[in-house]
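# Breakdown of the fold
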Amino acid sequence: MNRVLRKIASTLLAAAGALVLVSIFLDLVPGDPVDAILGEQAMEADREALRQALHLDESVWVRTGIFVRDALSLDLRSSVPPFQDRVFDRIAQALPRTAVLALTSLAFALTVALPLGIAAALRPRGPLDALASGFAVLGAALPRIWIGPLLIILFAIRLDWLPVSGLDSAWGLVLPTATLGLALAAFLARMIRASLLDTLGEDFVRTAKAKGLPPARVLFLHAFPNALLPVLTVVGLQLGALLGGAVVTEKVFDFPGMGSLLLQAIDRRDYNMVRACVLAFTFSYLVVNLLTDLAYQAVDPRVRERN
Amino acid sequence: MLAVSCSREGGEDRLTVAIESTPETLDRRMALSQNAQRVAQLVTPGLTRIDEDGRAVADLALAFEAVDDRTWIFQLRPGLFFSDGSPLRAKDVRATFLSVLDPALGSPHRGGYAYIEAVEAPDERTVVFRLREPFGAFPVDAGLGVLPARLTDPSRRDEVRLRPIGAGPYVVESWDGEGEIRLAPNERYHLGPPREALTIRTVRDETTRLLELRKGRVQVLLGSVTPALLPGLRSLDHLEVTVAPGAGVSYLMFNFDDPILSRREVREAIALAVDREALAAHKFKGAARVAHSLLREGHWAHAPDLPIWKRDVQAARARLAEVLPDGGPLRLTLKTSTDRFRRSIALALKAQLAEAGIELSIQSLEWGTLMGDLKKGNFQLATLKWTPVIDPDILRLAYHSASIPTAENGWGGGNRGRYRNPELDRILMEARHRSDPEERRALYARAQHIVAKDLPALPLLHEESIGVIARGLEGIRVDPQGSLRSLVQARRAE
């Protein structure tokens, strides 16, 4: 119990830190947001009105304070006067979409990476291992901004199976999932291979084999759970990153998630929305981190013991 | 950029238009972005609209005139109706304009309309605007989208944002402020309802927009297609590429507070060293025209017989020799944005000026830093773009000495080159105060001549708009101001 409370306290502290940092950075961005919002042909009176509406004459601390006050009142609005968006409504729409995309991408990545990584570890330097390594290098090297359009050309245009962009139906999830999942799968396959290879060399595996256990049992009940520990850490980190809005992928596929929301907020210099997005990212990251910790406890008896 | 496609759904014909960013509102009193304005114009037109030559012409108005230099009278067309069936009357126009001036609405255009002293509606079809000061470009500003009086109250702002009611060709069917905007034909539109319903979708990524076009869900792109894509697009059989005048003009700006650049010979040498034809042909793949003024040829106020700065490297060297008797190279710094395309143009300028013995060093700066430096006068040369150029009053913003950014005017104003010419100031103010278009044209012609001679900035190119239209769709045109009006006429060829 104590531990959970501590965790929550540190989560809140981290969120406060993120908020202060992003506020300071927004303040450091050179140039006058009024120019960016109103354009060069605006009248001085309108510029002044906007400057006051944005509290630009106040210090960065006062502005951050106003943001916190509005956020706590749960009626946080876009900071630019003509945009009357309720910030939390927008995030409540976008975050679940991004969460679904993150989970499908992770599921896709694991589906590809687990068999590939295991097969590669079982026959190191074999043909499957070479394939897995090649795939891993390729996956890490190909940028999403390139692989995304390539998948569109193949599956949406040549084969005409899937929509190009948007999320009009669940089919719109497929290509972004593949784009995000491929790079992740490549990375995870390498991790799984390396970790499993290490574990397979451990004494307890040799013991299990010596006891005459069937090879499948040795692999899946003895070696694999142990090999999973470092992989779990990486999966947790990656999931956190995916929840932080895969900005490039969401832009390419016009996916209406957190990445698109953030991009639009930056375009419009909607500081409240940017701050709220960053807070949402921080919280999702920390929540995933918390879950990873709990999963660790479930999987690793040593961690349980220590607590 | 914008893309259109046709599909049949529910038995009706529907065009799907893709734009690169979601409008923030469909309320033209509040709209800031070009996309918001261009979509909202389809629903709520105003008394006037901007014609292809940049002139304000009657739209909902039948006719308008200035009865004296501060009073404009607009006559409404007979039989106008809002899409909800209520008649459009002078009092609706009055209420719309007064609401913009109401601080409670919080319109970002309130200051822009502050010169309006009173709006009167003496009868159902007459609107009288009384201005605090003479303003010849008022018909341009009179294009504000007219709303029914009952919707103009600030308390209904959120409602108008998503679902304005107007007398335009389309009516908002559904929009949640974020996703696609569905527009249905307005059966009461005074010129007859359009044939097709319209869906407006946001597709942020240019590559994706083009792929949607290839897929056939998108059939037309209107507006900012990158010129670099032109050769590739031209090679596609099922698409027709149209290049038409745009409303943006790029320019090379000189800082008059710089001791070297304040000398006419140096500015002339640079103007003579730049090869703008080459930039248009190679950087813009032909989708640009050499500019001799901020106003493009074909604009109603464009002065026809302006002096032309054509490339002449020998003459440029001769001019430089007058300033630098020792013949040493002239070293200057050019500031531009980090945009890759703008940077590549700056590099081309560097190569061109080098041939005339001018050494440029290029600094590409993040947009905010660049604008900050330019406003404070912390530069020698810079490239920028004016967009959109609609009324010639933009010359005042660009070259009037009162438009020099200073701490007093909150660093606003577009005369960042700090050019001062009392004669030009006088002409520009006089032109602003005249309401007769012929008098304005004559004054602006004089102003353009002074500017072309004095070179406070060298206009580079009028950058054109590119339209990509699927074969089989007719009636859609690329508009210099980015207007979508021609979609109303879209029809499929048999």
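Residues numbered from 1 in each chain as written. Chains lettered and ligands numbered in written order. Predicted model: local features only at pLDDT ≥ 70, side-chain atom pairs only at ≥ 80, totals over all residues.

## What to know about the pairing of strand β7 (residues 116-123) of chain B
All names here are of chain B. Note the threshold: Here, any two strands with at least 2 DSSP bridges between them count as paired. Secondary structure is summarised from DSSP: a helix means a run of H or I of at least four residues, a strand means a run of E of at least two, and numbering begins at the N terminus for each.
Here β7 pairs with strand β8 (residues 126-131) via five bridges, running antiparallel. When the sheet's bridge partners are listed, Val119 is paired in β8 with Phe129. Hairpin connection of β7 to β8: two residues between the antiparallel strands.

## A look at helix α8 (residues 174-200) of chain A
To be explicit about the condition: Bending is quantified residue by residue as the angle between axes fitted to the seven-residue window ending at that residue and the seven-residue window starting at it. The exposure label follows from counting other C-beta atoms within 10 Å of a residue's C-beta, where the C-beta atoms are placed from the backbone and the thresholds are 20 or more for buried and 12 or fewer for exposed, leaving partly exposed in between.
The largest bend in α8 of chain A comes to about 30°, at Gly181 of chain A. In terms of residue burial, α8 of chain A counts as a mostly covered element, since 22 of its 27 residues are buried.

## Looking at the sheet that holds β8 of chain B
Residues and elements named next belong to chain B. As a reminder, the rule being used: Orientation is described by axes fitted as lines to C-alpha atoms, over the contacting stretch for helices, and by angles from 0 to 180 degrees between their N-to-C directions. What counts as a contact is two residues whose backbone-derived C-beta atoms lie within 7 Å of each other.
In space, the four strands of this open sheet follow the order β5-β6-β8-β7, with antiparallel pairing throughout. Where the open sheet ends on each side, the last strands, each with one partner, are β5 (61-68) and β7. Averaged over all pairs of adjacent strands, the angle between their axes in this sheet comes to 20°, without regard to strand direction. Strands β6 (71-76), β7 and β8 of the sheet are contacted by helix α2 (residues 90-101), whose axis makes an angle of about 165° with β7.

## Brief notes about unusual backbone geometry
The omega angle of the peptide bond from Thr387 of chain B to Pro388 of chain B is -10°, so this bond is cis rather than trans. Inspection of the secondary structure assignment puts Pro388 of chain B in the loop between β17 (381-386) and α12 (394-399). Phi is positive for His55 of chain A, close to 60°, though the residue is something other than glycine. Within the secondary structure, His55 of chain A is located in the loop between α3 (44-53) and α4 (60-72). The phi dihedral of Asp254 of chain A is positive, around 50°, even though this residue is not glycine. Accessibility expressed as a C-beta count within 10 Å gives 23 for Asp254 of chain A, which makes it buried.

## Quick look at the interface of chain A and chain B
Keep this limit in mind: In this count, Pro and Cys sit with the nonpolar residues alongside Ala, Val, Leu, Ile, Met, Phe, Trp and Tyr, while Asp, Glu, Lys and Arg are called charged and the others, Gly among them, polar.
Contact residues are listed per partner, giving 36 residues for chain A and 41 residues for chain B. Secondary structure elements with two or more residues in the side of chain A that touches chain B: α2 (33-38), α3, α7 (144-158), α11 (247-252) and α12 (258-267) of chain A. Looking at the side of chain A that touches chain B element by element, the count peaks at seven residues for α3 of chain A. The residue makeup of the side of chain A that touches chain B, split by class, is 19 nonpolar, six polar and eleven charged.

## What about the environment of Phe155 of chain A?
Residue and element names in this part refer to chain A. Relative to the assigned elements, Phe155 resides in helix α7. Along the sequence, Phe155 and Arg97 sit 58 residues apart, while their C-alpha atoms lie 22 Å from each other. Other than its neighbours up to four places away in sequence, Phe155 contacts Trp161, Leu162 and Leu175.

## Considering the domain arrangement of chain B
How big an interface is tends to be stated in terms of accessible area lost as the parts join. Selection rule: Residue ranges for the domains trace back to a domain assignment, done automatically or taken from a database.
Its domain assignment divides chain B into domain 1 (1-20 + 169-238 + 471-494), domain 2 (42-161) and domain 3 (246-464). Tallied by class, the residues present in the side of domain 2 of chain B that touches domain 3 of chain B amount to six nonpolar, two polar and three charged.

## Things to note about the packing of α7 of chain A against helix α5 (residues 206-215) of chain B
We count it as follows: Our angle categories are set so that under 35 degrees counts as roughly parallel, over 145 as roughly antiparallel, 65 to 115 as roughly perpendicular, and the remainder as oblique. By definition, any crossing whose near helix is turned counterclockwise from its far helix by less than a right angle is left-handed, and any crossing with a clockwise turn is right-handed.
One way to put it is that α7 of chain A packs onto α5 of chain B with a least axis distance of 11 Å and a crossing angle of 10°. Between α7 of chain A and α5 of chain B, the interaxial angle falls into the category roughly parallel. Where α7 of chain A crosses over α5 of chain B, the two elements pack in a sense that is right-handed. On the side of α7 of chain A, the interface is formed by Pro149, Ile152, Ile153, Ala156 and Ile157 of chain A, while α5 of chain B contributes Thr207, Leu211, Arg214 and Lys215 of chain B. Taken together, the residues of the contact of α7 of chain A with α5 of chain B break down into six nonpolar, one polar and two charged.

## Side note on the environment of Gly112 of chain B
With respect to the helices, strands and loops of the structure, Gly112 of chain B is situated in the loop between α2 and β7. Residue Gly112 of chain B is classed as partly exposed on the basis of its 18 C-beta neighbours within 10 Å. Each C-alpha atom of the pair Gly112 of chain B and Asp141 of chain B lies 8.8 Å from the other, and the pair is 29 residues apart in sequence. When residues no more than four places from it in sequence are discounted, the contact partners of Gly112 of chain B are Met43 and Asp46 of chain A.

## Focus: the pairing of strand β15 (residues 330-337) of chain B
Residues and elements named next belong to chain B. Worth spelling out the cut-off: Handedness of a crossover: with both strands directed away from the viewer, a clockwise path from the first strand across the helix to the second marks it as right-handed.
Both β15 and strand β16 (residues 358-365) contribute to a ladder of eight bridges, which runs parallel. The residue of β16 that forms the bridge with Leu334 is Ile362. For the crossover from β15 across helix α10 (residues 340-354) to β16, the handedness is right-handed.

## Details of the environment of Asp84 of chain B
Residue placement: Asp84 of chain B occurs in the loop between β6 and α2. Residues Asp84 of chain B and Leu347 of chain B lie 263 residues apart in sequence; the distance between their C-alpha atoms is 55 Å.

## Side note on the confidence of the model for chain B
The cut-off we apply is this: pLDDT expresses how confident the predictor is about each individual residue, on a scale running from 0 to 100.
Confidence in the prediction of chain B, expressed as mean pLDDT, is 89, and 97% of residues score 70 or more. Across the assembled chains, the prediction reports ipTM 0.80 with pTM 0.85.

## Looking at helix α8 (residues 276-283) of chain B
Residue and element names in this part refer to chain B. This is how the line gets drawn: The arc in question is formed by the directions pointing from the helix axis toward the C-beta atoms.
Within α8 the residues assigned to the buried category are Arg276, Leu279 and Ala280. For α8, the angular spread of buried residues about the axis comes to 95°, placing them on one side. Against the buried residues of α8 lie β14 (288-290), α10 and β18 (457-470). The first or second residue beyond α8 is Lys285, which carries a positive phi of 50°.

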